[in-house]
Every structure is written in structure tokens, then in C-alpha cells.
Amino acid sequence: MRKLLRLFLVLGLQLVVQGANATHNQAGEILVCYVGGYGYEVTIVTHTNPDSPADRPFFILQWGDGFTDTIPRLSDDVITVAGIEVQKNIYVSGHTYPGPGTYILQYEDPNRVANVINVDNGNSVDVPMCVQSMITVLPQLDWRDCLPEFTNPPIQNACLGECWEHNPGAFDLDGDSLSFEPRVCLGMNCDPVPNYEFPDQVGPGADNQYDIDPVTGTITWCAPQEAGIYNIAFAVVEYRKIAGTWFEIGWVMRDMQVIVGACDNRPPVIANLLDTCVEAGTTLNFTVFATDVDPGQVITLSAIGGPFEVPDSPALFPTNAIGPSPVSGTFTWNTNCSHVQQQPYQAIFKAQDNWQPVQLVDYETMFITVVAPAPQDPTATPNGSIMQLAWDASVCTNAKGYRLYRRQGLFGFDPDNCETGVPGYTGYQFIGSTSGVNSTTYNDQSLSFGITYCYMVVAVFDDGAQSYASEEFCNLLERDVPIMTNVTVVSTDNSTGSDTIIWSNAYDLDIVQYPGPYYFKLYEGASLNTANTLIHTTASSPLLQHPDTVFWHQTINTSNTPHAYRVELFGINDTFIGTGNTASSVFLVLEPNDEQITIQMNHNTPWINTLFEVYRETSPDLFTLIGTSTTETYVDTGLVNGQPYCYKARTVGAYNDPDIASPLINWSQEACAAPVDLTPPCVPTLALDNDCEQPLNTLTWNNPNETCGNDDTDRYNIWFTDSLGGTLQLIATITGAEITEYLHTDGQSVAGCYAVSAIDLVGNESALSDTVCGDNCPVYTLPNVFTPNNDNTNDFFVPFPYRGVKEIDLKIFNRWGLLVFSSKDPAIQWPGTLKQTSEPVSDGVYFYTCGVSLKRLAGDEFVQLKGYVHILRGNNVQQN
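Residues numbered from 1 in each chain as written. Predicted model: local features only at pLDDT ≥ 70, side-chain atom pairs only at ≥ 80, totals over all residues. Heavy atoms only, no water.

### Considerations on the overall build of the chain
And step 1. For the chain, the helix and strand inventory stands at two helices and 60 strands.
And step 2. Its C-alpha atoms give the chain a radius of gyration of 41 Å, more than 25% over the compact-globule value 29 Å for 880 residues.
And step 3. Its C-alpha atoms give the chain principal-axis dimensions of roughly 115 × 100 × 60 Å.
And step 4. By the burial criterion, 51% of the 880 residues in the chain qualify as buried.
And step 5. Considering only residue pairs separated by 6 or more positions, the chain has 67% of its internal contacts joining residues 24 or more positions apart.
And step 6. As displayed, the chain has an accessible area near 38400 Å², and 50% of this comes from carbon and sulfur atoms.
And step 7. On the chain, the mean spot of the 35 positive side-chain charges and the mean spot of the 98 negative ones are 7 Å from each other. (Helix = DSSP H or I, 4+ residues; strand = E, 2+ residues; numbered from the N terminus. Rg over C-alpha atoms; globule rule 2.2 N^0.38 Å. Buried < 20%, exposed > 50% of the residue type's maximum accessible area, 1.4 Å probe, protein only. Contact = heavy atoms within 4.5 Å. Areas by Shrake-Rupley, 256 points an atom, 1.4 Å probe, with all protein chains shown as cover. Lys, Arg positive; Asp, Glu negative; His and termini not counted. Charge placed at Lys NZ, Arg CZ, Asp CG, Glu CD.)

If you want it as C-alpha cells, here you go:
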């Protein structure tokens, strides 16, 4: 729901409008559309003063590839816009580009109308109008594009001192995502016009704000402060998702005119309209109501926007929705599959009163998304270890394929009106896709027996749009193979450990197709997932209900590795019938930390474990339950560092199939560990007082023992780099958690960046704090006189007190240009002698050049000094 208040000024603006009638350009845009190959058609739309002698039967367009064309005008209708007669000019031409690339099309045409307030201080008559558009030319189908078009005219009126809002009604036939951004109006050579001001810069203040909504395109100006003509520009930028990535593929710029004048009237009001979604193939109907508080007003309701621009079955809105307040009109749209797209359509409704001399308008904007129907009649049919999925082809033949989702167990998904696809909160996971509207089958493999698998299917479209999800459909694999039910550790040892393995018979097996006698082969592997080593073959049984479904696997290493098992079923004449799913023992991995141990209960089972019980040894061979978890992880806290603790775990689970025995209880191996402090202190928060005049950097930080629950912080490391982005180096270690200040200078420099880390008693070091930086405020000046007469006052040529200087390159010359002294030492210390000898130079004036390298955080800064210095030996002269 978006409200747009607009004003149509008819009589009250006549003087302003007449001021515009002496010249030419008022508004313009370039619309571009793909036609085939590298070919594009362009439509230039301009709005000009019909009384101006500067008419343009031909227009010059630069295509952006070095070619320029003169395009004849197709039409030049005089229309009334906002109560003003304007000439709407349309120029159409085609062009074939030489190859792929990004091209900016533009035209430049003199002159704008006169007295545009925000263009060159009102001297707009001599300022050309340049308008641009950008396209991306690529041969791939995904990049073929038509730029957005506008359904609202570019000449608008605003009321002085009242908020003005406008929506251009941009519509993109390709269904691309649109973004709106303000632009500076362009002039000669398509450069920004001289002295351009955005509307809020004319009479600036808190009550003059100008903005454009990047999503809806609504331009807001609250509120005009000066009457007259304004030109504004904006661009509509297209984005398209290609192979899962968003790309900017083009933009169209519009330069438009707003005329501000005084007015006195209250606008009509359209009742709020809510954004909505509609299923393709159904009809969307709703009524739009408008009222006006001013008695006697006649309201005209009308509508523009994307639903009215689609080529097939556009929306309808009555043209005779006119009458006294209240007035209403019914929106009707018989949607179909050609309307399905990811981006919503924008419908804009306008209510205009008939008050004279000023007509007021209210806009109400809503978004309508057309969604494809859900795929119908989905089925899941078990076939061995595969679930065969099938569904009816989408009624939308423009669908490009389908996406499949799966979860264990029913969710009960009840989507709302605008909820497309399969949202993540349902727990469904994407498992695969098919290509083509008639590709309506999919085989889901690597499933577990005894588990209820549920599915949903969604139709997808070229632009990324998704249909409503199908209904959930579920099934179980048939029990025509052995079902593993238990893998439990009986004893823990690295060589004499043992597991017990139990499985059930293949009760759903077709014994006519697979007659007996029957026997099993049991396979094992020292892992969680793989079991390929044959360890046991049962005797044959004439009955499908084989009595031998338990095996005790002995003399194995259960301490250091889990074990996985898998059972194969064979029939008459050693015929292989099928294999059950792999199941592993529960294997504990202990992760010691400071006064705690994390118990990770790793396993791989075809059934679902819902409870994990953790036992700790409280006396020799006596394990006591200490806690439970619904996940594979449990943390045992409050322990003593260095003291060993031993654990084992019991899992409780079941299959979804109620015919399989439950609960399924299995034990892990026993595992031991001792807590150890591996947790570093909290990261300190560092602050810097950068006193560049003293110079001195003062670092302060918090004590983690006082602020975040640490109790063993012992010391701090101070890290430093002398340049922005440089590598931090350790410069100091401060022992004592209570010492949280450090003073530092890098020689005479305070330019640099710092970080601090905290270290506990056992050496765990925190991450570095955020980096804080300071800089020098360099000073380096030289005196203009010194007196080297050995009276211990001003005997040397030295700088005034300085800071932040890295080095200098000083050269001193006599009046004949001969070098008498040079130095790279910032302190200089020249005693007035010739070069590095003890021979004094004569009194007089000497010229110097001094290149100074200043040490700054972002890098050395160079300053060149030039000047004169007087040598006077007769008097004690103070430096100045």
C-alpha cells in the first residue's frame, strides 16, 4: 500500500506555463527493446513546447558503439498533460550492434524551456537536454531484454508548501527486478548541467526534503518552497537473476518537469489497497473506493500500471467510474500462465476531483503477484530402495521444470496466499530437479527402510518464479530387505571389544518372486558409513522368518573406532535379493575444555534417535546417568581440571514404521578424558588517546576478569604497526591482569595502529582486539637567523621544536648558488661552517631548500620548504 498525492494545476499556473512557452525541451526518455541477433529497436519519447520554433522533425541519436543516426519522427501529437498543452514526439529506429558489450545510448538536444529554477540558476534556455539509456548486448537467451516503459506522463504539477509525490508507473515486460535512483539532469556533452540543484536545495531546510524510493519508484518532495518550473531526472535500473546470480542488465533515464504553483483545495482519498497474490488461471476482482470531503466534487477514478500493459488478457478498469463522492470502480483481471513472473505487477489507481481552478489527485499503488498453480496428483511409490515420484504436468506450459523437496515425516504445510515454493522452516530439503514441463518423474535413491519420507514438488520458470507447492505426499519403502535394528557396544577394548548386531527379516518380500531357502551375509567396516568386509554367513532357512538375526562380533577394537554393519539377503540358488541399510555403533568423541568435557555421540543409523542418555563412571564399573539430550552433543560441566572422567551413552530411537519393534536401544563404547583449560580470556576492548602534540599514545582496555567471567587472565600482549594496513608486531607484554594501560611513542611519532590480546595462566591467548589507530600532526619550521659566535646562544641552525618528521633533505646555498651545507638529520645542527669542515662561512643571507618527509599513518607525506637564513656573528640575535 503506497499513497501518492498529486496536484493538477490548471488556471493558477498559467503565468508559470506561459513562461515555458518560449522555448523547447520539457521531458524525454530513450526506450530500447531486443528484436533479434544483435539487433535492437529504439523509441525516443520527448515532450516539447508546441509553440516553439525549435521543432525537431528529425532526431540525432548516438548508439553507444561509435555510430550516430538521424531518426525521422513517427508522430507529433499535441496532448494535454496536467492542464498544459504539450507536444509528444515519438521517434523509432533500429540498429544492429557489432557484438557483445555494454552500450550507453544518448541524445543531446538544445534547448530546455526557459526559467527552470534548478538548472543553471534559472538560465536554462541555453542548456541542452541530454538523456541516456544503457543496455547489455549478449547472444545468450537469458540476456535478451527490453527496457522498462513508463505509464505516467513526465509533466506534473505540485503545490507550493504541500508534499508532492509522484510515481512514474514503470513497467517491465520481461518481469525484471526494478530499482529506482535519482540522477542529475544532463546537458552539453551529456555532462551534468551547470549549477544543477536537486529540488530540496532550492530553499533548503527541514521542511524541504527530496527522495526517491528505490523499490517502488515513488518520488517524494516535502515540500516545494519556491514556485516555478523544475526539472528532475531519475533512472530505472533492471536486475535479472541468471544462474542464481543477480546482474544489472540495463537502465533507462527519464528527465521530467515539475511545475510548482499556489493552490487551495483538498484532495480526494482512495481507500487503502493491500498487496495481493493471485493464482494464474483465476480471476482477481476487487473494488476501489474514493471519497472527497469537499461537497459537490465530481471524482474520476482511473488506473495504470503493469496489469494493464500485458499483451495477453490485460486487466480491466471501468472508464466511466465518474461521479460525486463516494465513487467506486471494479478492477478485473482474468489471469493466465503468461502472467506468471517472479516480480509483482504494480497497479496504480488515481482519483481526480474537478475543483477549479486547481484539480487535486490522490494515487494508491498496490503490487499484484501472479503465481502458477501447484503441481497436481503427486505420488510416491516404493520400488526396492528407491522411491519413484510422479506428478501431473503443470497447466502452465511455460514452466521450465520442477524442483523436488523431501523431509522425514509430515509437516502439515498450509501456505498463505503469497507463499510460493517450499520455505526452509518446513524442514524440507531440496533433493533434485527436472528439466522441461513434461519431465514429471523423479527417482529418490539412497533412502532408509522403515522411514516415512514426505515430498513436495514445485514448478519453476525462466525468471526464477516458483509455483505454489504441491500437497505433501508420503510413503515408506517396503520391507523386502533385512532391517537393521541394533548395533550396541557390549565391551570396550582396543583388541577384545565386542558389538551385538540385530536385524529383522524382510517381511514384505514377494516369496513367489524370490523363493527360499534364505540366508544372510553380514558385513562390517571400521567406520561410521562403510561396511564391506564379510564377517558372518548364516545357515539357510526354508522360512522367510529366518531365526538367525543376531550376531555377536568379538575381538575387535571398540575403544578407538566405531563399527558399521550391513546385511544382505540371499534366496534359492544363492540368488541375491537385496541389502539393508548400513548402521553403526554409537562412538563417543570427548572434547576436554576448561572444567568441562563435551561428549559428541557420533553415529550413522537408518532409524531416528530421539533421546541421548549420558552416563558417567562414579565408582569402578558403575556408571550413573548424569543427563540427557535430544541431539548428539552433551556438555558435562563443573569438573576439575586434570582429573580423568569416563563416560558411555545410551541412545533411544525408532523407525517410522509401526511394524518394526521399538524402542531401539543401543550403547556406545566407554571413553575417558580429563578437562584442561583450553579457553582463552575474552577479547579486551581497546581504546586509544592519541595526543599528537605531546606526542604520546595512551592505550587503555578492560580487564576480562572483571567484565566477562574470566578468572585467570594473567597478562597482555601489545601489538603495533606504524602504518595503516601494516602487519601488527608484538612490542610489549604487560604482566598483571589489573594493569590495563600502556604508554607508547614510536620515537617522536605517534602514527600507528594497535591491538591487544589477553593471556591466561596456562598460556591460552585471546583473539586480537579491534585495531585502533592514531596519527601524527607533524610540525617542522626553520628559523630565519642564527648567530654562530660561540656564546652558547643560537650558535647552531636548528629547527624549532618539531614532531612527526621521518627525515629531511636540506641544502643551503650562498648568494652565488654554491652549496655550503647539506643534511638529512631533522635536527640539522649546522654551526655555520663550510660543508662538514670547521671553516666558518661569512655573515650574510643564505638560501635553503628542505624536503621534509612527514611520518603519517596512511604513508609518508612530503613537504618542500624554501627560505632564507641570516648569519650574524656580531650580535646575540634571538631566532624568529
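### Here we look at the environment of Val371
And step 1. Note that Val371 resides in strand S25 (residues 358-371).
And step 2. The buried category is assigned to Val371, whose relative accessible area is 2%.
And step 3. Counting along the chain gives 27 residues from Val371 to Pro344, while the straight-line C-alpha distance between them is 9.6 Å.
And step 4. Discounting residues that sit within four places of it in the chain, Val371 has contacts with Cys277, Val278, Glu279, Ala280, Val340, Thr420, Gln466, Ser467 and Tyr468.

### As for the packing of aromatic side chains
And step 1. Summed over the entire model, instances satisfying the criterion amount to 36 aromatic pairs.
And step 2. Aromatic side chains Tyr40 and Tyr97 sit 6.0 Å apart centroid to centroid with 75° between the ring planes, which places their arrangement in the edge-to-face category. Within this pair, whereas Tyr40 is found in strand S3 (residues 39-48), its partner Tyr97 is found in the loop between strand S6 (84-96) and strand S7 (101-109), the two being separated by 57 residues in sequence.
And step 3. Of the residues examined, Tyr40 reaches a relative accessible area of 2% and is grouped as buried.
And step 4. Aromatic pair Trp221 and Tyr230: ring centres 4.8 Å apart, planes at 75°, arrangement edge-to-face. (Phe/Tyr/Trp six-rings, centres within 6.5 Å; stacked < 30°, edge-to-face > 60°.)

### Side note on the sheet that holds strand S15 (residues 219-222)
And step 1. On the basis of which strands lie adjacent, the open sheet formed by three strands has the order S11-S15-S14 and antiparallel pairing. Bordering the open sheet on either side are strand S11 (164-166) and strand S14 (209-212), each of which pairs with just one other strand. Sheet twist, expressed as the average angle between the axes of neighbouring strands with direction ignored, equals 5°.
And step 2. As judged from the three bridges shared by S11 and S15, these two strands associate in the antiparallel manner. Looking at S15, one finds that Glu165 is bridged to Thr220. (Pairing = 2+ DSSP bridges. Axes fitted to C-alpha atoms, helices over the stretch in contact; angles between N-to-C directions.)

### Things to note about the sheet that holds strand S41 (residues 587-593)
And step 1. Reading across the sheet, the three strands line up as S41-S42-S45 and stay open at both edges, with antiparallel pairing between neighbours. Across the chains shown, the open sheet's two edge strands, defined by having one partner strand only, are S41 and strand S45 (633-637). Adjacent strand axes in the sheet meet at a mean angle of 20° when their direction is disregarded.
And step 2. For strand S42 (residues 596-602) and S45, the ladder comprises five bridges, and the chain directions are antiparallel. Considered in S45, the bridge of Ile599 is made with Tyr634.

### Overview of the nonpolar core
Nonpolar side chains in soluble globular proteins tend to end up buried together.
And step 1. Residues Phe331 and Phe349 are the most contacted members of the largest nonpolar core, which totals 74 residues.
And step 2. Among residues more than four places away in sequence, those in contact with Phe349 are Ile270, Leu273, Phe286, Val288, Ser302, Ala303, Phe317, Phe331, Asp362, Tyr363, Glu364 and Met366.
And step 3. One finds Ile44, Tyr91, Val193 and Val237 within the second-largest nonpolar core, a separate group that totals 58 residues. (Core = buried A, V, L, I, M, F, W, Y, C linked by side-chain atoms within 4.5 Å.)

### Things to note about the state of the cysteines
And step 1. Tallying each qualifying case throughout the model produces 11 disulfides.
And step 2. Residue pairing for Cys159: its cysteine sulfur links by disulfide to Cys263, the two sulfurs lying 1.8 Å apart. Of the two residues, Cys159 sits in strand S10 (residues 155-159) while Cys263 sits in the loop between strand S17 (245-261) and strand S18 (269-270), which places them 104 residues apart along the sequence.
And step 3. Across a sulfur-sulfur distance of 2.0 Å, Cys692 and Cys777 are joined as a disulfide pair. (Disulfide = S-S within 2.5 Å.)

### Section: the pattern of salt bridges
And step 1. Applying the stated rule across the entire model yields 21 salt bridges.
And step 2. For Glu29, the salt bridge is made with Arg254, and the minimal N-O distance between the two is 2.8 Å. Taken together, the residues span a long stretch of sequence, with Glu29 in strand S2 (residues 25-36) and Arg254 in strand S17 at a distance of 225 residues.
And step 3. Glu29 gets classed as buried once you look at its relative accessible area, which sits at 4%.
And step 4. Of the charged contacts, one joins Asp843 and Arg873 as a salt bridge, the two residues approaching to 2.8 Å between their closest N and O atoms. Here Asp843 is found in the loop between strand S58 (819-823) and strand S59 (844-854), whereas its partner Arg873 is found in the segment after strand S60 (861-871), with 30 residues between them in sequence.
And step 5. With relative accessibility at 41%, the residue Asp843 sits in the partly exposed group.
And step 6. Each of Asp145, Asp174, Asp176 and Arg240 takes part in one network of salt bridges that share partners. (Salt bridge = Lys/Arg side-chain N within 4 Å of Asp/Glu carboxyl O.)

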